[in-house]
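Survey of secondary and tertiary structure
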Amino acid sequence: WMWSGRFVAPIIAPLAATIGAVGASLVSRLDAQTAGRGVLAALASVLVAQGLLSVPTASFRGVGPSAVIKSRAANQWAPMSFSAPHTGLEWAASYIIERARPGELIAYTEIGVLGYVTDHPILDLGGLVDPKLSGAQGLSDEEERAYVHSRRPAWILLKDKSCCLIKALMKEPWLAEEYEEVEGPRADIHAYRRRDTTPPTPDEVRAAYALALARFPGSEHLQKKAAMFERGEDKAPEDESPVEDAP
């Protein structure tokens, strides 16, 4: 319920207060027995809806003969959560943990998990937390792309399904000149490494995983990737492409 719906989160509290006030007013006009039944029925409806929304769902990937249905695990952190987890965001975090030096700037769109579990400064290509890319300062498309270039992020992750800015960035001459395209965390994410960067040391990767797991201890993906790194494994045989995340 919280993909595009997440943008209405700021009004949820006042909306709930309003509904509660209206409900209390209506209940006050009923006798005690009828009011009690109504409250119990409403509570039961909420619990049933929440439980149904927490049931594992499926994701369709591909088109035509190549289309497959990937099962999505139930929410491992909160079984009664309103949504099943979308693990694609964690894949980007582990990808950067193993490739970027501490303190390097990362440009990406789905910044939530990456920004939470690491201390990397983030350039939000979606513009939600960057006024220069949000349209608030009235920059032209060319000025927005020039701004991204001026920040010189160490890594740039671009999604196929992202906005026009992202698609235009992929055609910028400086991207090919100053960055090397490498295999991304999954098929629909293009990863670009600035050519003058160096990989992190093993101790830096261990410290980054320790920080990530301290902040997100329930993440099975980060636990698994940290263990794989210690064993010197790049990709386990059971690894699968992550479920599609937010558009």
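Residues numbered from 1 in each chain as written. Predicted model: local features only at pLDDT ≥ 70, side-chain atom pairs only at ≥ 80, totals over all residues. Heavy atoms only, no water.

1. Considerations on the overall build of the chain
Our working rule: Counting from the N terminus, the helices are the DSSP runs of H or I reaching at least four residues and the strands are the DSSP runs of E reaching at least two. With a 1.4 Å probe rolled over the protein chains alone, any residue whose accessible area is under 20% of its type maximum counts as buried; one over 50% counts as exposed, and the rest are partly exposed. Contact definition: two residues touch when any of their heavy atoms are within 4.5 Å. Computed by Shrake-Rupley with a 1.4 Å probe, the accessible areas treat only the displayed protein chains as cover when residues are assessed.
Secondary structure assignment for the chain yields ten helices and seven strands. Buried positions account for 36% of the 247 residues belonging to the chain. A separation threshold of at least 6 residues defines the contact pool for the chain, and within that pool the share at least 24 residues apart is 56%. With the model as given, the accessible surface of the chain reaches about 14000 Å², and the carbon-plus-sulfur share is 62%.

2. Brief notes about the pairing of strand E6 (residues 179-182)
We apply this condition: Paired strands are those between which DSSP finds at least two bridges.
In this sheet, strand E7 (residues 189-194) lies alongside E6 in antiparallel orientation, the contact comprising four bridges. For Glu181, the partnering residue across the bridge sits in E7 and is Tyr192. Two successive antiparallel strands, E6 and E7, enclose a turn made up of six residues.

3. Let's talk about the nonpolar core
Applicable threshold: Grouping buried Ala, Val, Leu, Ile, Met, Phe, Trp, Tyr and Cys residues that are joined through side-chain atoms within 4.5 Å yields what is termed a nonpolar core.
Membership of the largest hydrophobic core comes to 23 residues, with the highest contact counts inside it found for Ile96, Val117, Trp155 and Leu157. A per-element tally of this core places helix H3 (residues 88-97) first, with six residues. Excluding its chain neighbours within four sequence positions, the residues that come into contact with Val117 are Ala93, Ala208, Leu211, Ala212, Arg215, Phe216 and Leu222. Counting 15 residues, the second largest nonpolar core, distinct from the first, contains Tyr147, Leu169, Trp174 and Leu175.

4. What to know about the sheet that holds E6
Sheets are built from strands paired through backbone hydrogen bonds, the pairs being either parallel or antiparallel. For clarity, the threshold we go by: Working convention: axes come from line fits to C-alpha atoms, limited for helices to the stretch in contact. Angles between N-to-C directions cover 0 to 180 degrees.
The five strands lie next to each other as E4-E3-E5-E7-E6, forming an open sheet whose pairing is mixed. Single-partner strands in this sheet number two, and they are strand E4 (122-124) and E6. Going across the sheet, the axis of each strand differs from the next one's by a mean of 20 degrees, ignoring polarity.

5. Notes on the confidence of the model for the chain
Selection criterion: Note: pLDDT gives the predictor's confidence per residue, expressed from 0 to 100.
Per-chain confidence: the chain averages 77 in pLDDT, with 72% of residues scoring 70 or above. Predicted confidence in the chain is weakest over strand E1 (residues 58-61), with a mean pLDDT of 44, and strongest over helix H9 (residues 202-215), with 95. Low pLDDT, under 50, characterises residues 77-85; the predicted model gives this stretch 31 contacts beyond four residues in sequence or across chains. Below a pLDDT of 50 lies the segment residues 236-247, which in the model reaches 43 contacts outside its immediate sequence neighbourhood of four places, other chains included.

6. A closer look at the environment of Glu177
Take Glu177: it is sitting in helix H8 (residues 173-178). The exposure class assigned to Glu177 is exposed, which follows from its relative accessible area of 57%. Sequence spacing of Glu177 and Arg194 is 17 residues, and the spatial spacing of their C-alpha atoms is 9.3 Å.

7. Description of the packing of H9 against helix H10 (residues 220-231)
Inclusion rule: Should an angle fall under 35 degrees it is taken as roughly parallel, and over 145 as roughly antiparallel, whereas 65 to 115 is taken as roughly perpendicular and any remaining angle as oblique. The hand of a helix crossing depends on one turn: near helix anticlockwise from the far one by less than a right angle means left-handed, and clockwise means right-handed.
The geometry of H9 relative to H10 is characterised by a closest axis approach of 10 Å and an angle of 160 degrees between their N-to-C directions. The angle between the axes of H9 and H10 places the two elements in the roughly antiparallel class. Regarding H9 and H10, the two cross each other, and that crossing is left-handed. Contacts between H9 and H10 involve Pro202, Val205, Arg206, Tyr209, Ala212 and Leu213 from the former and Leu222, Gln223, Lys225, Ala226, Phe229 and Glu230 from the latter.

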